[in-house]
Structure formats: C-alpha cells, structure tokens
Amino acid sequence: WGSVDLDGPVTSVAWSAQQYWLVGAGHHVHCISGDGAQILESLDVGGGIQSVTCSKDGSMVAVLTNDTHVRIFEWLNKSLAGNIWFQRPVRNLDFGPGSWLGLGHTEGDANRVDLFTGQMTRTQAHEGRGQHSWPMQVEINSALLRGTSTTLKAGSAPIAVQVHTPEKEEKKSGNKIWIVL
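We now turn to the structure provided with this report. Here, residues in each chain are numbered from 1, in the same order as that chain's written sequence. Under the rules for a predicted model, residues below a pLDDT of 70 receive no local features and side-chain atom pairs below 80 are neither given nor counted, while totals for whole chains, interfaces and linings still include all residues. Note that the side-chain values use all heavy atoms of the structure and ignore hydrogens as well as water.

Val 70, Ile 72, Ile 84, Leu 101, Leu 103 and Leu 115 are the most contacted members of the largest nonpolar core, which totals 18 residues. Put simply, the parts of the chain that give this core at least two residues each are strand E6 (60-66), strand E7 (69-74), strand E8 (79-86), strand E9 (90-95) and strand E10 (100-105). For Ile 72, the contacting residues outside a window of four places in its chain are Val 61, Ala 62, Ser 79, Leu 80, Ala 81, Gly 82, Ile 84, Leu 101, Leu 115, Ile 140 and Leu 145. Put simply, a nonpolar core is a bunch of buried Ala, Val, Leu, Ile, Met, Phe, Trp, Tyr and Cys residues held in one set by side-chain atoms that sit within 4.5 Å of each other. Only protein chains enter the accessibility calculation, which uses a 1.4 Å probe; a residue is then buried when its area is under 20% of its type maximum, exposed when over 50%, and partly exposed in between. Formed by 14 residues, the second largest nonpolar core is a distinct cluster that contains Tyr 20, Val 52, Val 61 and Trp 75. Comment: elements are numbered from the N terminus, with helices defined as DSSP H or I runs of at least four residues and strands as E runs of at least two. Should any heavy atoms of two residues lie within 4.5 Å, those residues are counted as being in contact.

What follows concerns the pairing of strand E4 (residues 39-44). For two strands to be treated as a pair, DSSP must find at least two bridges joining them. In terms of strand pairing, strand E3 (residues 28-33) meets E4 through five bridges, oriented antiparallel. Each residue of the ladder has a partner; that of His 30, found in E4, is Ser 42. In textbook terms, the turn of a hairpin is the stretch between consecutive antiparallel strands, and for E3 and E4 this stretch comprises five residues, one of which, Gly 36, has a positive phi near 75°.

The subject of this paragraph is helix H1 (residues 142-153). In an α-helix, one turn spans 3.6 residues; hence positions three or four apart end up facing the same way. An expected span of 1.5 Å times one less than the residue number is assigned to each helix. Helix length check: H1, at twelve residues, gives a terminal C-alpha distance of 17 Å against a target of 16 Å (1.5 Å per residue), a fit within 8%. Within the sequence span of H1, burial applies to Ser 142, Leu 145, Thr 148 and Ser 149. Here the buried residues of H1 occupy an arc of 130° about the axis, which is enough to place them on one side. Those residues of H1 that are buried are in contact with E6, E7, E8 and strand E13 (136-140). Among the residues trailing H1, Gly 155 stands out with phi positive, at a value near 65°. Think of the arc as the fan of directions from the helix axis to the C-beta atoms.

Just to be clear on terms, a salt bridge is a Lys or Arg side-chain nitrogen sitting within 4 Å of an Asp or Glu carboxyl oxygen. With the rule as written, the count across this model stands at three salt bridges. Asp 67 is the salt-bridge partner of Arg 91, the closest N and O atoms lying 3.4 Å from each other. With Arg 91 in strand E9 and Asp 67 in the loop between E6 and E7, the pair connects residues that are 24 residues apart, well separated along the chain. Judged by relative accessible area, which is 32%, Asp 67 ranks as partly exposed.

This paragraph deals with unusual backbone geometry. We note that Gln 19 has phi near 75°; this positive angle belongs to a residue other than glycine. Among the secondary structure elements, Gln 19 is positioned in the loop between strand E1 (10-16) and strand E2 (20-25). The class for Gln 19 is exposed, based on a relative accessible area of 53%. One non-glycine residue with positive phi stands out, namely Lys 78, at about 60°. Assignment of secondary structure puts Lys 78 in the loop between E7 and E8.

Further remarks concern the packing of aromatic side chains. Where two aromatic rings form a pair, the distance of their centres and the angle of their planes describe that pair. Aromatic rings from Phe, Tyr and Trp, taking only the six-membered ring of Trp, are treated as a pair when their centres fall within 6.5 Å; an angle between ring planes under 30 degrees marks them as stacked, one over 60 as edge-to-face, and anything in between as tilted. On inspection of all chains with the given rule, the structure shows two aromatic pairs. Taking the centre distance of 4.7 Å and the plane angle of 70° together, the rings of Trp 15 and Trp 21 count as edge-to-face. Judged by its relative accessible area of 38%, Trp 15 falls in the partly exposed class. Exposure remark for Trp 21: the relative accessible area of 25% places this residue in the partly exposed category. Measuring from ring centre to ring centre gives 6.3 Å for Phe 73 and Trp 75, while their planes differ by 85°; the resulting arrangement is edge-to-face. By relative accessible area, Phe 73 is classed as buried at 4%. Judged by its relative accessible area of 2%, Trp 75 is buried.

Strand order in the open sheet formed by four strands is E9-E10-E11-E12, and the pairing between neighbours is antiparallel. If you trace the sheet from one side to the other, it starts and ends with E9 and strand E12 (120-122), each paired once. Each strand of the sheet is rotated relative to its neighbour by a mean of 20°, with strand direction disregarded. Pairing between E10 and strand E11 (residues 110-114): five bridges, direction antiparallel. Angles shown run from 0 to 180 degrees and are taken between the N-to-C directions of axes, each axis being a line fitted to C-alpha atoms and, for helices, limited to the stretch in contact.

Just distances and angles here, no functional claims.
Set out below in structure tokens:
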C-alpha cells in the first residue's frame, strides 16, 4: 500500500468501479491509484468536501460540499453536471442501483433522486413520527450523465457506427426504367 501527500485532511473516501480511490481533501477530489501509491488526477470542486460517493459504474460522482449543497459530476471528463440544494442539512449520500442517488437528512428523513430522469422521492413519516417537509432544488444535465454512463459501458468503443447505403441508381434499358434498391 502506497502513500500520497494531499492538500488537506481526508474527509471522505469512496471506491470507483474504474479501479481507483476517490479521496476528498480540502476542496479537491483526488483520484488515487488502487494501490494508493500515486495521485492520478485531482479536481477542485469549488467547496470544502464533507462526503464523496461514486455511482456503481464509476460514471458519476456526488460531492457534499456543505450541509445543504450537493454537486454532481460526470466523471469521464470531470465536468460539473448539476447541483442539488436543500433547505435542511444533508448528513450522508450514496448511490444505489442505476442512476439513483440517496441523500440522508436529520430526524430520520431521506430523499432519492434519479439523476437520469430528475424523478425525486422522499421518505414518509412512520407511525408515531410527525411529517417533516423541506424544499429542495435540483438542476441536473441528465443527457450529459446518460452519455457518460453509456460511453463507459461501451468500454470507450463506438456506441454506434454510421453505415452508408448506396443512393438509388436509375438504369435505362430500352423503354423501361429500372430502379435498383
């Protein structure tokens, strides 16, 4: 196991299916080799990192940068793909199956956001507990996230290949016209 120097104390660690560690330290998410021996690249996420999580296929990364702001990145090109803001604290976040991101709040509440469709759900109060409400704002570039996920699943091979078909040819033979398709 190796060792690397980071720009601040480690606040979060997540494993990526792309075979490296994502380590939150200061304002950066660092991609660190699987053996921990080298920093492969770093991304300044524009805020202090409280928590980092990675989608199951490694295409998306969610970063909690303060109690109420989550930044979503497509991880192939390290581009900001969206933001989620809450008017109450987020305590934890993690990806579930597919493109679902789960967000845990205080007092036993949670949200779930499908980053490909924008669909949102929330927990309902169980018996004996009062119903809480909280506003949230979601701004996601779902097409960017879907494209990155598809590219990774294709192993960076072409997702589609354009096939050229010959144009219709007209042939004249005596008084008849033949059209070849």
